[in-house]
Amino acid sequence: MCYNQIRKICESNEMITKIDTKMNGRKICRGIDHLHINVSNINVSGKFYDELMKYFGFETLDKADNNWWWHNDGENTFGIEQTGEKYIKNKFHRKQTGLNHIAFRAKSKKDVDEFYNKFLRPHNITVLYGGPKNYPEYHDNYYAIFFEDPDRIKLEFMWLDN
């Protein structure tokens, strides 16, 4: 199911009525508090994510031996953790059950292009699908760039004009 289909379903009165009926009108979740992923090498991924998070305007919250955390406004927190030795042999692949990708939302289409030219290209980061472009199959005004972290976790920087 693409973003456009999900949005239409969630915006329909039928969906809202079902949610309100089940929860007695209460909105018990206001968003995702934090995202925490495992990485194969905390030093390599730590350097990658430290530069990425700083570019996105996140501040360092904590850098322990095996856990690094960043936040951008007290509402959005992102962390990485060294994968334990018992699991280090298992490599990540987004087609397996579990995480597919992480999308960060840009403030403008221009920010996506600047990110590509000023961050991804100078850092020689693997870019997927040919660079920044429109994705009308997701939404009429969906513009994004996809790239990979050192463990090949797919990341996205996207803008949506809605």
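Since the model is a prediction, treat every value here as computed from it, not as a measurement.

Chemist: Could you clarify how one ought to interpret helix α3 (residues 42-55) in this entry?
Modeler: Three- or four-residue spacings in an α-helix give side chains the same orientation, since the helix completes a turn every 3.6 residues. With 14 residues, α3 ought to run about 20 Å at 1.5 Å a step, and its terminal C-alpha atoms sit 19 Å apart, in line with that. Those residues of α3 that sit buried are Ile42, Ser45, Gly46, Phe48, Tyr49, Asp50, Leu52 and Met53. Of the residues flanking the start of α3, the one acting as N-cap is Asn41, its side-chain oxygen 3.0 Å from the backbone nitrogen of Asn43. Within two residues after α3, Gly57 carries a phi angle of roughly 90 degrees, on the positive side.

Chemist: Could you clarify how one ought to interpret the confidence of the model for the protein in this entry?
Modeler: Atom-level detail of predicted coordinates should not be read off regions where pLDDT is low. Taken residue by residue, the protein gives an average pLDDT of 86. The fraction at 70 or more is 84%. Note on residues 1-7: pLDDT is under 50 here. Beyond four places in sequence and across chains, it has 12 contacts. Here residues 13-21 scores under 50 on pLDDT; set against residues more than four positions off or in separate chains, the count is five contacts.

Chemist: What exactly am I supposed to notice about the sheet that holds strand β5 (residues 101-105) here?
Modeler: Sheet strands pair via backbone hydrogen bonds, and the direction of the pair is either parallel or antiparallel. The strand order across the open sheet built from four strands is β5-β8-β7-β6, with neighbouring strands paired in mixed fashion. Edge positions in the sheet fall to β5 and β6 (127-134), since each has one partner strand and no second. Across this sheet, the average inter-strand angle for adjacent strands is 20 degrees, counted without regard to direction. As judged from the seven bridges shared by strand β7 (residues 142-148) and strand β8 (residues 154-160), these two strands associate in the antiparallel manner. Bridge assignment links Ala144 to a residue of β8, and that residue is Met158. Its contacts with the sheet place helix α4 (residues 109-120) against β6, β7 and β8, and it is angled at close to 25 degrees to β7.

Chemist: Help me understand the sheet that holds strand β4 (residues 77-82) in this model?
Modeler: If you walk across this open sheet you meet the four strands as β1-β4-β3-β2, and the pairing is mixed. For this open sheet the edge positions go to β1 (34-39) and β2 (59-63), each flanked by a neighbour on one side alone. Recorded for the sheet is a direction-independent mean angle of 20 degrees between the axes of neighbouring strands. With four bridges connecting them, β2 and strand β3 (residues 67-71) associate as antiparallel partners. When the sheet's bridge partners are listed, Glu59 is paired in β3 with His71. Those strands touched by α3 are β1, β2, β3 and β4, and its axis lies near 5 degrees from that of β3.

Chemist: I tried to follow the pattern of salt bridges on my own but got confused; where do I start?
Modeler: Pairs may arise between side chains of opposite charge once their charged atoms sit close together. Scanning the entire structure with this criterion turns up six salt bridges. Between Asp50 and Lys54 there is a salt bridge, with its nearest N and O atoms 3.2 Å apart. Here the residue Asp50 and the residue Lys54 both occupy positions in helix α3, the gap between them amounting to four residues, near one helical turn. Ionic pairing is found between Lys110 and Glu114, a salt bridge with its closest N-O pair at 3.7 Å. Linking Lys110 with Glu114, this pair stays in helix α4, spanning four residues, or about one helical turn. On the accessibility criterion, Lys110 (57% relative accessible area) is exposed. By sharing partners, the salt bridges in this structure join Asp50, Lys54 and Lys63 into a single network.

Chemist: Looking at this structure, how should I read the nonpolar core?
Modeler: One recurring pattern in soluble globular proteins: nonpolar side chains tend to sit buried together. Membership of the largest hydrophobic core comes to 28 residues, with the highest contact counts inside it found for Tyr49 and Leu52. Element by element, the count of residues in this core is highest for α3, at five residues. With sequence-adjacent residues up to four places away left out, Tyr49 is seen in contact with Ile37, Trp70, Phe78, Ile80, Asp149 and Leu155. Membership of the second largest hydrophobic core comes to seven residues, among which are Tyr135, Ala144, Met158 and Leu160.

Cut-offs used in this document
- Each residue is numbered by its place in its chain's sequence as written, counting from 1.
- With pLDDT at 70 or above as the cut-off, local features in this predicted model cover only qualifying residues; side-chain atom pairs require 80 or more to be listed or tallied, and sums for whole chains, interfaces and linings still use all residues.
- As a rule here, side-chain values come from all non-hydrogen atoms in the structure, and water together with hydrogens is ignored.
- By definition, any uninterrupted DSSP run of H or I lasting at least four residues is a helix, any uninterrupted run of E lasting at least two residues is a strand, and each is numbered from the N terminus.
- How far a helix is expected to stretch is found by multiplying one less than its residue total by 1.5 Å.
- Relative accessible area decides the class of each residue, using a 1.4 Å probe on protein chains only: under 20% of the type maximum gives buried, over 50% gives exposed, and in between gives partly exposed.
- What qualifies as a polar contact is a pair of N or O atoms within 3.5 Å, subject to a donor-acceptor requirement within protein and to the restriction that residues adjacent in sequence count only when both atoms come from side chains.
- Across the chain, each position has a pLDDT score giving the predictor's confidence in that residue, from 0 to 100.
- Here a residue-residue contact requires only that any non-hydrogen atoms of the pair lie within 4.5 Å.
- In this scheme, strands are said to pair when DSSP sees at least two bridges between them.
- Structural elements are reduced to axes, namely lines fitted to C-alpha atoms, with helices fitted over the stretch in contact, and the angle between N-to-C directions of any two is expressed from 0 to 180 degrees.
- Just to be clear on terms, a salt bridge is a Lys or Arg side-chain nitrogen sitting within 4 Å of an Asp or Glu carboxyl oxygen.
- Think of a nonpolar core as a cluster: buried Ala, Val, Leu, Ile, Met, Phe, Trp, Tyr and Cys residues, connected wherever their side-chain atoms sit within 4.5 Å.

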